[in-house]
Structures are given as structure tokens and as C-alpha cells.
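Here is how the chains run, residue by residue.
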Amino acid sequence: MKFLEPPLIALDAEAASAEEAIRLAGALLTEAGAAEARYADAMVDSYRERGPYFVLAPSIALPHARAQDGVIEAAVSFVRLKEPVVFGHSANDPVQLVFALGGSDSGEHIALLRQLTTLLSNPAHLEQFKQAADVEAIQQIIRGNEQ
Amino acid sequence: MKVLCVCGLGQGTSLILRMNVENVLSAMGVSADVEHTDVSTASGTAADYIITSHELAQSLEGHSARIIVVNNYFDNDEIKQKLGEAL
């Protein structure tokens, strides 16, 4: 299980569209060995098919696909966009924080989601995710959450 | 009382919603059977309440359950308020 480890984080990345933002977050999963390259395609396909329902909170998107779409290991990646982009959500646009979920069929998947839910349900953490100067600052937020 | 938390695939975001809904219901002292599922399974599943996003609520129109729309899945105050109004 890989939860927001440094190679899974990209800060102030540039994306011109929701699809580009999803692909950036998917590429992090692939580069870290947590998902095959086709997983990013599957997340984009899901977005096209089912719409932006995964924009779960103001400025936060959690794109994901199915475990069988190429997940190698349960993982979460994070892309902070330099400029927020519109996903087409009725209440929560534009999106700046993109957390791609690579879910597995195992219990790790639930552990991962629980950790992410706790992290993002704290408004102070959200502000820290937006303001963090570097990857180390992000790691500190995560370590604080685990304690 | 049966509550379904619904997302597009039934694997990721509906489970996140379920975690916070369970937390909120338990804080409210309400006992309920909370499950998470995808939107097409939900269409054929009996429930008292369905909690989902605005985007997916439209595809569940006509379901016998009362549909509760949550905009911010990480805002337990919003979830609590919406549940409080509906229950």
C-alpha cells in the first residue's frame, strides 16, 4: 500500500483540462509502480461516461477506476494544480487538489480510503494541502494525521 | 432503516461517503444499516434513504427511497444537517 509517498506527489503541476489533470495523477501511480499505464485511461473513460461525481468537495477531485483496470498495488497519488481547472461539477468547481485512487480488492483499499477520508475531513488539513511549500510539508501533514 | 451511499463505480467515493455517514449517524445516536454501492445496483435495491451527489441523484429519480444530496463528502456538518432534515 502506497499512501501519498513523495514520488506520488506533484505540486503546482500545469493542466489545461480535467482530463489532463486526471492523467497527471494517473501517471504518478504508474511511475511509482502502483498501476499500469492503462489505469489513467480507465479513469478518464469513467469521467467521460459517468461525469464529475468524484469531485467530492470544493476544489477536491478523487478520480478512480476499477481494480481490474490495471491496479498493481493499492495507492493514492496527489497532484496540486498551479491553476484550478473546471471538471463540470455543479457545486464544487474549480478543482485544484486531485487525489487519484488506485483501489485493490483487498482490505488495504479500505485502510487507504479511511486514511484519506480522515485526512480530508479536517478543514485545517485542506488549507495545508493548498499552502504547503514542498513535498516535505505535505509529508508532515500526513504524519500528523497518523498520530 | 436502510441507507445506501451511492457513487458511479461503488468502490471508492461511495465508501468514503459511507464512512462519514456512519460517523455522523452514530454521533446522532441513530442506528442504521448503511451500505455502499454503484448507481446501477442502487436502482434495483430497496432502501429507505439514498445518499449521493447531485450528479448521480438525477439517474436515481423514481427510486422509492428518499434521496439526500450531499455536495461536500468531507463536511460532516453538511452530512449531519442533511440527514437531520431527512430523518
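Provided above is the structure to which this section pertains.
These notes cover the structure that comes with them. Just so it is clear, the model here is predicted, and its values are computed rather than measured.

To continue, consider helix α1 (residues 18-31) of chain A. Residues and elements named next belong to chain A. When the terminal C-alpha atoms of α1 are compared, their 20 Å separation across 14 residues agrees well with the 20 Å that a helix rising 1.5 Å per residue should span. All of the buried residues along α1 are Ala-18, Ala-21, Ile-22, Ala-25, Gly-26, Leu-28 and Leu-29. Seen along its axis, α1 keeps its buried residues to an arc of 150 degrees; they face one direction. Packing partners of the buried residues in α1 comprise β2 (9-13), α2 (38-50), β5 (75-85) and β6 (95-102). Phi turns positive one or two residues past the end of α1, at Gly-33, with a value near 80 degrees.

Residue and element names in this part refer to chain A. Relative orientation of the contacting elements α1 and α2 amounts to 150 degrees, with a least axis distance of 8 Å. Here α1 is positioned roughly antiparallel relative to α2, judged by the angle of their axes. Judged by the sense of rotation from one axis to the other, the crossing of α1 with α2 is right-handed. Two secondary-structure elements touch here, α1 through Ala-18, Glu-19, Ile-22, Arg-23, Gly-26 and Leu-29 and α2 through Tyr-39, Ala-40, Asp-41, Met-43, Val-44, Tyr-47 and Arg-48. For the contact of α1 with α2, the class distribution of residues is 8 nonpolar, 1 polar and 4 charged.

Right, let's get into the environment of A:His89. By secondary structure assignment, the location of A:His89 is in the loop between β5 and β6. Looking at A:His89, the relative accessible area reads 6%, which means it is buried. Through-space distance from the C-alpha of A:His89 to that of A:Ser59 is 10.0 Å; in sequence the pair is 30 residues apart. Look past the residues within four positions of A:His89 in its chain and what remains in contact with it is A:Pro52, A:Val55 and B:Glu55. Looking at A:His89, its side chain comes within polar contact range of the main-chain nitrogen of A:Ala91, at 3.0 Å. Within the local environment of A:His89, its side chain forms a polar contact with the backbone nitrogen of A:Asn92, the two atoms lying 3.0 Å apart.

A separate point is the pattern of salt bridges. Residues and elements named next belong to chain A. In this structure the tally under the stated criterion is 11 salt bridges over all chains. The residue Glu-73 makes a salt bridge to Lys-2 at a minimum N-O spacing of 3.9 Å. Of the two residues, Glu-73 is situated in the loop between β4 (60-61) and β5 and Lys-2 in strand β1 (residues 2-3); the sequence distance between them amounts to 71 residues. On the basis of relative accessible area, Glu-73 is assigned to the partly exposed category, the value being 25%. As a salt-bridge pair, Arg-38 and Glu-36 come within 2.7 Å of each other at their nearest N and O atoms. Relative accessible area serves as the criterion here: at 41%, Arg-38 is assigned to the partly exposed category. Overall, the relative accessible area of 36% leaves Glu-36 in the partly exposed class.

The rules behind each value
- Residues numbered from 1 in each chain as written.
- Chains lettered and ligands numbered in written order.
- Predicted model: local features only at pLDDT ≥ 70, side-chain atom pairs only at ≥ 80, totals over all residues.
- Heavy atoms only, no water.
- Helix = DSSP H or I, 4+ residues; strand = E, 2+ residues; numbered from the N terminus.
- Expected span 1.5 Å × (residues − 1).
- Buried < 20%, exposed > 50% of the residue type's maximum accessible area, 1.4 Å probe, protein only.
- Arc of directions from axis to C-beta.
- Contact = heavy atoms within 4.5 Å.
- Axes fitted to C-alpha atoms, helices over the stretch in contact; angles between N-to-C directions.
- Parallel < 35°, antiparallel > 145°, perpendicular 65-115°, else oblique.
- Left-handed = near helix turned anticlockwise from the far one by under 90°.
- Nonpolar A, V, L, I, M, F, W, Y, C, P; charged D, E, K, R; others polar.
- Polar contact = N/O pair within 3.5 Å; in protein donor to acceptor, adjacent residues only side chain to side chain.
- Salt bridge = Lys/Arg side-chain N within 4 Å of Asp/Glu carboxyl O.

Function cannot be read off these values alone, since they describe shape.
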